[in-house]
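Chain by chain, the residues run as shown.
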Amino acid sequence: MPSIEKLTVAAALIAVGWAALLPSAKADPRSDVLNTAAQCNVFTNYRQWLDCYYGAAQPMREILGLPPAPSAQVKLVPSAGAPAARVPAPVPVAARPAAGTDDYVPRQHLADYSFDTNNRFTVTMENGTVWQQLKEDSIAAKWRAPPQNYSATIVPALFGYMMRVSDGHSYRVKRVR
């Protein structure tokens, strides 16, 4: 009868043999790039985040024979031993149309604002356009300072318009005038 030690050694050899027969698991370069790019979420500045993201894609550029990313971008990529990335809260983002279109209101100060009985605001911008917060918007503005203390940009969004205000919030609005 074989001893326990001989059975253990035999089982280990069989396991090693099976492992050698299995296809080797190679890392997918796309997954590596995405995992590295996730470390870029430590940047709150959008430009730094984007440069880091481009730097994180450097291994894929090498695989594809593309010119290397600028060293400034590659240097922004945090090392693998860096603390876990903090993912910033999502911010509603709309494609910014070219300045000069009727639907685009570049950053400017508020000329006036008021609140209705449901605490929804109506804003008059410096250029005279008037915007009203949609009833479907769940964010209540807590403005108390004079209108000139706030600035905003209005851009088309998926369903209507977004008003990005210097108070750090984005509100869903419609144009009244």
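Here the structure is a predicted model, which means the values were calculated and not measured.

S.K.: Just give me the short version of the overall build of the protein, but keep the residues and values in it.
M.R.: Broken down by element type, the protein carries 5 helices and 6 strands. Mapped in sequence order, the helices and strands of the protein form the string α-α-α-α-α-β-β-β-β-β-β. Here the protein, with 177 residues, has 27% of them falling under the buried criterion. The contacts of the protein with a sequence gap of at least 6 include a subset with a gap of at least 24, amounting to 52%.

S.K.: Run through the environment of Phe159, naming residues and quoting values.
M.R.: The topology assignment puts Phe159 in the loop between β4 (151-157) and β5 (160-165). Of the residues examined, Phe159 reaches a relative accessible area of 65% and is grouped as exposed. For the pair Phe159 and Val173, spaced 14 residues apart in the sequence, the C-alpha separation amounts to 9.7 Å.

S.K.: Got a sec to walk through the confidence of the model for the protein? Specific residues and values, please.
M.R.: Averaged over every residue, the pLDDT of the protein is 77; residues scoring 70 or more account for 70%. Of all helices and strands in the protein, the one with the weakest mean pLDDT is helix α1 (residues 4-21) (55), whereas strand β2 (residues 121-125) scores best (96). A low-confidence stretch, residues 84-102 stays under pLDDT 50, and its non-local contacts, those more than four residues away or across chains, total 25 contacts.

Calculation rules
- Residue numbers restart at each chain and count upward from 1, following the sequence in its written direction.
- Two thresholds apply to this predicted model, a pLDDT of at least 70 for residue-level local features and 80 or more for giving and counting side-chain atom pairs, whereas whole-chain, interface and lining totals are computed over all residues.
- Derived side-chain values reflect all non-hydrogen atoms in the structure, with water molecules and hydrogen atoms excluded from consideration.
- We count a stretch as a helix when DSSP gives it H or I for four or more residues in a row; a strand needs E for two or more, and each element gets its number in order from the N terminus.
- Think of it in three bands: residues with accessible area under 20% of the maximum for their type are buried, residues over 50% are exposed, and the middle band is partly exposed, with areas taken using a 1.4 Å probe on protein chains only.
- The contact criterion used is simple: two residues touch if any of their non-hydrogen atoms lie within 4.5 Å.
- Every residue carries a pLDDT, the predictor's confidence in it, which falls somewhere between 0 and 100.

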